[in-house]
Amino acid sequence: MLAEQAARAIAERTGVERHRVAVVLGSGWQDAAAEIGTPSASVPMPELPGFGTPSAQGHVGMVHSVAVDNTPVLLLMGRQHLYEGYQPSDVVHPVSAAIAAGVETVVLTNAAGGIRDGLRVGEPVLISDHLNLTGRTPLAGATFVDLVDAWDPELRALAREIDPSLTEGVYAGLTGPQYETPAEIRMLGTIGADLVGMSTVLEVIAARALGARVLGISLVTNLAAGVTGAHLSHAEVLAEGHAAAPRLGKLLRGVLERL
Ligand code: HPA
């Protein structure tokens, strides 16, 4: 299986037989990696079996191995998205490979538009649940995966020990790459979404199917379309990530130290 091949390559290239935690750093989160620790090994994603080259601007495309205290952690610097033309199996491959490499806990991060009233730009929000609006699934065949508490309540509580000001929200995952219309955002708010983005929902499904625990954190990089009337841009998403990096890095490091 491709995930096992990639897991063997990760072990060989990093010199670490089993990693315990994987963190997927999405748009806006790349700078936070520096706060987590100095990698003992780094591998370009395209050199690992089945990994593609993330093309979204601001995705570094490296896999770092970092020991946090004594916990071996894989930092996946960037991800592949449906909007880049990838299939669901490609999108979730790094997460599947990490789990095959021993990972029991997956931390998924992303940039999101804030829909719910009161969310502020620059604020990290714990993902409490999601709406998979991509119309796609990474699962094949009769794989009936339970998604109740897919976003692990204990891990959320642990994150709140580090930052008690963290709020929670429901993340709506769409395919993109266009941002939403104001009408779509009104609809998403009506059906229960607090946050909106173009990733993450397929990865949590795959991780739960493989039995890993998942923590999700969105960085609100902008208020969603129509909330203020402002226009949206990827440059803004990256700039807000840059500004929030110290806070995000501290939060991630705090979580990793407690796992
Ligand atoms: N919509 C979709 N994806 C996003 C947004 C948004 O407003 N902000 C960051 N990623």
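Remember, predicted model here, so these are calculated numbers, not experimental data. (Residues numbered from 1 in each chain as written. Predicted model: local features only at pLDDT ≥ 70, side-chain atom pairs only at ≥ 80, totals over all residues. Heavy atoms only, no water.)

## Re the overall build of the chain
- Along the chain, the regular secondary structure elements total seven helices and nine strands.
- Its C-alpha atoms give the chain principal-axis dimensions of about 50 × 40 × 35 Å.
- Looking at the chain as a whole, 54% of its 259 residues qualify as buried.
- Here the contacts in the chain between residues at least 6 apart in sequence split such that 82% fall between residues at least 24 apart.
- For the chain, the accessible surface area stands at approximately 10700 Å², while carbon and sulfur atoms represent 51% of it. (Helix = DSSP H or I, 4+ residues; strand = E, 2+ residues; numbered from the N terminus. Buried < 20%, exposed > 50% of the residue type's maximum accessible area, 1.4 Å probe, protein only. Contact = heavy atoms within 4.5 Å. Areas by Shrake-Rupley, 256 points an atom, 1.4 Å probe, with all protein chains shown as cover.)

## Quick look at the confidence of the model for the chain
- Chain-level pLDDT for the chain is 94 on average; 99% of the residues reach the 70-or-more range.
- Reported for the predicted complex are a pTM of 0.96 and an ipTM of 0.99. (pLDDT = per-residue confidence, 0-100.)

## Examining a nonpolar patch on the surface
- Nonpolar side chains collect at one region of the surface, where Leu 133, Met 187 and Ile 191 lie side by side and expose about 270 Å² of accessible area between them.
- With respect to the element layout, Leu 133 can be found in the loop between strand S6 (124-132) and helix H4 (153-162).
- Leu 133 gets classed as partly exposed once you look at its relative accessible area, which sits at 36%. (Patch = residues over 30% accessible without salt bridge, like charges linked within 9 Å, V, L, I, M, F, W, Y side chains within 5 Å. Salt bridge = Lys/Arg side-chain N within 4 Å of Asp/Glu carboxyl O.)

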